[in-house]
Amino acid sequence: MNTSETIKRLVYAQVVHFAHLSEQLIESEQDKIVRYAQEQQLESVPRHLTSVHVIDCIGNNEPINNTALAEKMDLSKASITKISAKLLEEGYIKRRQLNDNKKEVYFSLTAKGEQVFELHQQLHKLEEERFMESLESFTEAELHAILRFLQNVSAHWAEKEPE
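This structure is a prediction, so every number in the text was calculated from the model and none was measured.

A. Just the overall build of the protein, in detail. On a plain count of helices and strands, the protein comes out with six helices and three strands. Ordered by position from the N terminus, the helices and strands of the protein form the series α-α-β-α-α-β-β-α-α. Its C-alpha atoms give the protein principal-axis dimensions of about 65 × 40 × 30 Å. Out of the 163 residues in the protein, the part that is buried amounts to 26%. A separation threshold of at least 6 residues defines the contact pool for the protein, and within that pool the share at least 24 residues apart is 52%. Within the structure as shown, the protein displays about 12,000 Å² of accessible surface, and the carbon and sulfur contribution to it stands at 53%. Positive and negative side-chain charges of the protein, numbering 19 and 27 respectively, have mean locations separated by a distance of 6 Å.

This is how it looks when you write it as structure tokens:
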């Protein structure tokens, strides 16, 4: 096997390892949110990380309707409808209609939702700072290569397999 092929196999192994670590990171993020919520004496947080991310998206874009939320989150409208119904029931978000559009329903955060939003923002800021520190050892050219590589991997994973 030539050197190029060996390196490609090592890269593939690292990407698979990265995917597994990503799964663990998602589980860890939910645990961190629960732990931080307890430390800040919040009464509750949503059980599912996607729900927390919906709260985050609403907080960053309110008021926002179901369609825009689905587009920004890259989820189906049906998924957003299901998640938003649960968040409404649990008191994290509220529905309202704008004065100029009585048909369309828009979501915004309740005080309880704002607490989760702020908590999530704090956690992401800490994670981003840690990540940025880990990139300090790379040159600009290396960062461009990493970016191009990650864009290619993302595009590859986004491709739908024929069924």
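B. Structural context of the nonpolar core. Within the largest apolar cluster, 25 residues are counted, with the highest numbers of intra-cluster contacts made by I33, V54, I55, I58, L69, L87 and I93. Every element with two or more residues in this core is listed here: α1 (3-39), α2 (49-61), α3 (66-73), α4 (77-90), β3 (101-109) and α5 (111-134). The biggest single contributor to this core is α2, with six residues.

C. View of the pattern of salt bridges. Counted according to the given criterion, the structure contains four salt bridges. Here E90 makes a salt bridge to K86, at a shortest N to O gap of 3.7 Å. Placement of the pair is E90 and K86 together in helix α4, with a separation of four residues, close to one helical turn. For E90, a relative accessible area of 29% translates into the label partly exposed.

What counts, and where the lines are drawn
Residues numbered from 1 in each chain as written. Predicted model: local features only at pLDDT ≥ 70, side-chain atom pairs only at ≥ 80, totals over all residues. Heavy atoms only, no water. Helix = DSSP H or I, 4+ residues; strand = E, 2+ residues; numbered from the N terminus. Buried < 20%, exposed > 50% of the residue type's maximum accessible area, 1.4 Å probe, protein only. Contact = heavy atoms within 4.5 Å. Areas by Shrake-Rupley, 256 points an atom, 1.4 Å probe, with all protein chains shown as cover. Lys, Arg positive; Asp, Glu negative; His and termini not counted. Charge placed at Lys NZ, Arg CZ, Asp CG, Glu CD. Core = buried A, V, L, I, M, F, W, Y, C linked by side-chain atoms within 4.5 Å. Salt bridge = Lys/Arg side-chain N within 4 Å of Asp/Glu carboxyl O.

Coordinates in, geometry out; function isn't part of it.
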